[in-house]
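Fold and geometry: a report
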Amino acid sequence: QVQLVESGGGLVQPGGSLTLSCATSGSIFRFYVMGWYRQAPGNQRELVATSGGITNYADFAKGRFIISRDNAKNTVFLRMDSLKPEDTAVYYCYGKKFGSVDYWGQGTQVTVSS
């Protein structure tokens, strides 16, 4: 049974940095696409960044966030710099195997506040 487990969230001051990680368990097969989405209270879940055939970033993430992967271990990371209060959200790990359904982690809370 495949599970995605996020870690690395927490409280950080504006301008600070965090690195999120997502580990995969229960599978020997690689995800085709892995990435990160986020959802703030009252908002829809939105894309942050994905990595597959190409790397894709949301506009708000460009120049501040970096997504990286360890394909051999089915892990994905999100380095977040210059964090802003509006980055506050639950960040969800995402994975998709070729021709399969979407997989989601349980989320990790990121709070940016002074």
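Just so we're clear, the structure is a prediction, and the values are computed from it rather than from any experiment.

1. What to know about the state of the cysteines
Throughout the structure, instances matching the rule amount to 1 disulfide. Across the disulfide from Cys22 sits Cys93; the S-S distance is 2.0 Å. Handedness here is read from the sign of the S-S torsion; for Cys22 and Cys93, about -85 degrees, the answer is left-handed. Here Cys22, found in strand β3 (residues 18-25), pairs with Cys93, found in strand β9 (residues 89-96); they are 71 residues apart in sequence, far enough to count as distant. A relative accessible area of 1% means that Cys22 is categorised as buried.

2. Quick notes on the side chain of Ser51
Mapped onto the fold, Ser51 is located in strand β5 (residues 46-51). Assessed through its relative accessible area of 13%, Ser51 is described here as buried. Once residues lying within four places of it in the same chain are set aside, the contact partners of Ser51 are Tyr32, Val33, Met34, Ile67 and Arg69.

3. Re the sheet that holds strand β1 (residues 3-7)
The strand order β1-β3-β8-β7 describes an open sheet built from 4 strands, whose pairing is antiparallel. The open sheet has two edge strands with one neighbour each: β1 and β7 (65-70). The average undirected angle you get between the axes of adjacent strands in this sheet is 15 degrees. Pairing between β7 and strand β8 (residues 75-80): 6 bridges, direction antiparallel. Across the sheet, residue Ile66 finds its bridge partner in β8, namely Arg79.

4. A short note on the side chain of Thr75
For Thr75, the location among the structural elements is in strand β8. A residue is classified by how much of its surface remains accessible, and Thr75, at 12% relative accessible area, is buried. When residues no more than four places from it in sequence are discounted, the contact partners of Thr75 are Cys22, Ala23, Met34, Ser68, Arg69 and Asp70.

5. Side note on the nonpolar core
Trp36, Val48, Phe65, Leu78, Met80 and Tyr91 are the most contacted members of the largest nonpolar core, which has 23 residues in total. When contributions to this core are tallied by element, the ones reaching two or more residues are β3, β4 (33-39), β5, β7, β8, β9 and β11 (108-112). Not counting residues up to four positions away in its chain, the partners in contact with Leu78 are Leu18, Thr19, Leu20, Trp36, Val48, Ala49, Phe65, Ile66, Ile67 and Tyr91.

6. Observations regarding the pattern of salt bridges
By the definition in use, this model includes 6 salt bridges. In this structure, the salt-bridge partner of Asp87 is Arg38, at a minimum N-O distance of 2.9 Å. Of this pair, Asp87 sits in the loop between β8 and β9 while Arg38 sits in strand β4, placing them 49 residues apart in sequence. Exposure remark for Asp87: the relative accessible area of 1% places this residue in the buried category. Taking relative accessible area as the criterion, Arg38 reaches 6% and is therefore assigned buried.

Cut-off values and rules
- Residues numbered from 1 in each chain as written.
- Predicted model: local features only at pLDDT ≥ 70, side-chain atom pairs only at ≥ 80, totals over all residues.
- Heavy atoms only, no water.
- Disulfide = S-S within 2.5 Å.
- Helix = DSSP H or I, 4+ residues; strand = E, 2+ residues; numbered from the N terminus.
- Buried < 20%, exposed > 50% of the residue type's maximum accessible area, 1.4 Å probe, protein only.
- Contact = heavy atoms within 4.5 Å.
- Pairing = 2+ DSSP bridges.
- Axes fitted to C-alpha atoms, helices over the stretch in contact; angles between N-to-C directions.
- Core = buried A, V, L, I, M, F, W, Y, C linked by side-chain atoms within 4.5 Å.
- Salt bridge = Lys/Arg side-chain N within 4 Å of Asp/Glu carboxyl O.

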